[in-house]
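So you can see what is in the structure, the chains are spelled out below.
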Amino acid sequence: MSSVTGKRIRLNRLIEAETSTCLIVAIDHGMTSPRFLPGLFDTGKRVEEAIAGGANVLMLGRGMAKAHPHLFRRDTSLALMLTASAAGRPSGATITPVGSVEEGLRAGADAVVVYVALAGENEPEMISYLSRVGETCEFKGMPLIAEAEYPNAYQSLDSMSEALGLEYLKRNARLCAELGADIVKVNWSGDAKSFEEIIRACGKPVVLAGGSRISDLELLTRMSQARKAGAIGCSVGRNVFEHAAPRAMTAAISRIFRDGWAPGQAHEELETAYKRKHRGEWMKRTQATNAADDRAAVPGLEHVRCFLLDMDGTFYLGEALLPGALEFVDILRQQGRDFLFLTNNSSRSQDDYAAKITRLGMPVGREKIFTSGEATARYMRGAFPEARVFLVGPPSLHAEFKAHGVALDESDPTHIILGFDTTLTYAKLWRMCDLVRAGLPYIATHADFNCPTPTGYMPDVGAMIALVRASTGREPDLVVGKPNRMFVEAAAAKLGLPVDSLAMIGDRLYTDIALGKTSGITTILVLSGETHLEDLATSPHKPDLVFADLAAVAAHLRRD
């Protein structure tokens, strides 16, 4: 029996005969990403969700393939990745061979995968390696998937496209086809017309690379355009395994390619599936609660120029953006409105939060983050410009105060500031209590008792306030963070906007909504985090609007 027969049988599993589609979920990023991606923590679960959502091919490295063979179904193919990236460089990733076609055969793979990034430092070696793999695949009867992508897939497609453009992708795709690729994976070129040009230049079946994190609707729209241009499917990684609902996201992509659904239709099903999973039947009652169908009963948002956004439970949940997060930001930009992330946590800097949100899929600068630490520093600089502060806080909070021109003095202070100090020592706590007993003005950045972590809770500033009270008998003279009105006033001052042009969006009644109420601004509760609909009945803090999540807020703004 010839190797041609083996390749045909394997290709028939890779490309479904009934629909002529190939839907790949790539979870090989531990071999290619310049940093660890949190969505990879439970790879087995991600594999399971991708298969349940309709992926017929899983792209994995040898370690994860070996760890999870029991999850594969009869109609699920393994595509074994044979290359790894050595710290992607701006000039081009250095690709390193790490496997062989023979290994793929032993592993039961239906394809092997080679990442092909031209214009890098080792382009000649890469071409030579691809040629050898292509030759071996032909001899052994193993299909070859070649990833004809930009040199650094972890930069934004816009920046890479601007630097290299359509001609790079056409050349790369054709080179892969010439050297034996049976399926070519290509980055999005920007529009359907140019992507069709790549497919014609390639001459082999093409799947669209998912690329960096983008909004769900944008991704589904891109998939639909690629399908119409002639793509047989896609290979999506981060937009699935870092999604809050990987199974539903995979199913939505399947709807595009297998069923020919419109992007909006697939997006609606995706959001419905997410809401059903995370909130159940009470989601149906959300709009009734705030009379969302009665437009006259809903407070208008036309006056809002900037939305103050809580983060965990509102914009993201743990290590994944929540549904509608990116769509919400998109609609604000389209309408010429702004947003500012607000957090009580003074143990982390704006740079820390900006890095996390960027990592999760929305590039954002430190200027979009406002912490209780910054608000306290701004207050001290404005109210007590000559103050010398004994600051209880981590190095990042010390840097924040110094950046705002607040003098720090441990030996002869005039004021005490208590922040969320994850570097707290007994000596520092003792010294602080002595100063509190001496009667110095005593200010806390916020008063949360606990800070949520992946493993439970860690004591926050509120717990430290209780300890100091037990020792000294004093409460802080002022608490700056949520729900104190001055937090919103400080944010307004930073933005250069009047307070009444702001609105607060969050998932907690006793901090986010209470903050908005004490500040006299419009309040929007989202049910994507801590609060359940039934909690409204007993809460003294009633929001002006209630929505399932930011996707529903975005839809509301779009209708307005």
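As a reminder, the structure under discussion sits directly above these lines.
Residues numbered from 1 in each chain as written. Predicted model: local features only at pLDDT ≥ 70, side-chain atom pairs only at ≥ 80, totals over all residues. Heavy atoms only, no water.

A few points about the sheet that holds strand E14 (residues 338–343)
Rule in force here: Any two strands with at least two DSSP-identified bridges between them are counted as paired. Secondary structure elements are defined from DSSP: runs of H or I of at least 4 residues count as helices, runs of E of at least 2 residues count as strands, and each element is numbered from the N terminus. Angles here are taken between N-to-C directions and fall from 0 to 180 degrees, while the axes themselves are lines fitted to C-alpha atoms, restricted in helices to the stretch in contact. The contact rule is simple, with two residues in contact once any of their heavy atoms fall within 4.5 Å.
On the basis of which strands lie adjacent, the open sheet formed by 6 strands has the order E15-E14-E11-E23-E24-E25 and parallel pairing. In the strand order of this sheet, the two ends are held by strand E15 (369–371) and strand E25 (545–547), each with one partner. Averaged over all neighbouring strand pairs, the angle between strand axes comes to 25°, with direction disregarded. Both strand E11 (residues 306–309) and E14 contribute to a ladder of 4 bridges, which runs parallel. Among the inter-strand pairings, Cys306 is bridged to a residue of E14, identified as Asp338. Sheet contacts for helix H14 (residues 350–360): E14 and E15; angle to E15, the most-contacted strand, approximately 135°.

Thoughts on the packing of helix H8 (residues 216–229) against helix H10 (residues 246–259)
Put simply, the rule reads: Throughout, the term roughly parallel applies to angles under 35 degrees, roughly antiparallel to angles over 145, roughly perpendicular to angles from 65 to 115, and oblique to all others. Here is the rule for handedness: rotate from the far helix to the near one, and if that takes an anticlockwise turn smaller than a right angle the crossing is left-handed, while a clockwise turn gives right-handed. Note on residue classes: Ala, Val, Leu, Ile, Met, Phe, Trp, Tyr, Cys and Pro are nonpolar, Asp, Glu, Lys and Arg are charged, and everything else, Gly too, is polar.
Where H8 meets H10, the axes come as close as 9 Å, and the angle between the chain directions of the two elements is 30°. One element, H8, and the other, H10, form an angle in the roughly parallel class. Handedness of the crossing formed by H8 with H10: right-handed. Touching Asp216, Leu219, Leu220, Met223, Ser224 and Arg227 of H8 are Met249, Ala252, Ile253, Ile256 and Phe257, all from H10. Split into classes, the residues belonging to the contact of H8 with H10 amount to 8 nonpolar, 1 polar and 2 charged.

Points about the pattern of salt bridges
Note on pairing: side chains with opposite charge can pair once their charged atoms come close. The test is simple: Counted as salt bridges are all cases of a side-chain nitrogen of Lys or Arg within 4 Å of a carboxyl oxygen of Asp or Glu. When accessible area is computed with a 1.4 Å probe and restricted to protein chains, residues below 20% of their type maximum are described as buried, those above 50% as exposed, and intermediate ones as partly exposed.
In this structure the tally under the stated criterion is 29 salt bridges. When the shortest N-O distance is used, the salt bridge between Lys7 and Asp182 registers 3.2 Å. Separated by 175 residues along the polypeptide, Lys7 in helix H1 (residues 3–14) and Asp182 in the loop between helix H6 (157–178) and strand E8 (183–186) bring together distant segments of the chain. The residue Arg62 makes a salt bridge to Glu103 at a minimum N-O spacing of 2.4 Å. Within this pair, whereas Arg62 is found in helix H3 (residues 62–67), its partner Glu103 is found in helix H4 (residues 101–106), the two being separated by 41 residues in sequence. Overall, Arg62 belongs to the partly exposed group, its relative accessible area being 45%. By relative accessible area, which is 15% here, Glu103 ends up buried. It is possible to trace a salt-bridge network through shared partners that takes in Lys7, Glu138 and Asp182.

Some details on the nonpolar core
Threshold: Nonpolar core, defined: a set of buried Ala, Val, Leu, Ile, Met, Phe, Trp, Tyr and Cys residues in which side-chain atoms within 4.5 Å join the residues together.
If you look at the biggest cluster of nonpolar residues, it comprises 73 residues, and the most contacted ones within it are Leu58, Val133, Val184, Val186, Phe195 and Ile253. In this structure, Leu321, Ile357, Ile369 and Leu550 belong to the second largest nonpolar core, which totals 34 residues.

Some points on the pairing of strand E23 (residues 502–506)
Applied cut-off: Handedness of a crossover: with both strands directed away from the viewer, a clockwise path from the first strand across the helix to the second marks it as right-handed.
For E23, the buried fraction is high: 5 of the 5 residues fall into the buried class. On E23, burial covers both faces: Leu502, Met504 and Gly506 on one face and Ala503 and Ile505 on the other are all buried. Across 4 bridges, the pairing between E11 and E23 is parallel. Within E23, the residue paired with Cys306 across the bridge is Leu502. Both E23 and strand E24 (residues 522–526) contribute to a ladder of 4 bridges, which runs parallel. Within E24, the residue paired with Met504 across the bridge is Thr523. The parallel pair E23 and E24, bridged by helix H20 (residues 509–519), forms a crossover whose chirality is right-handed.

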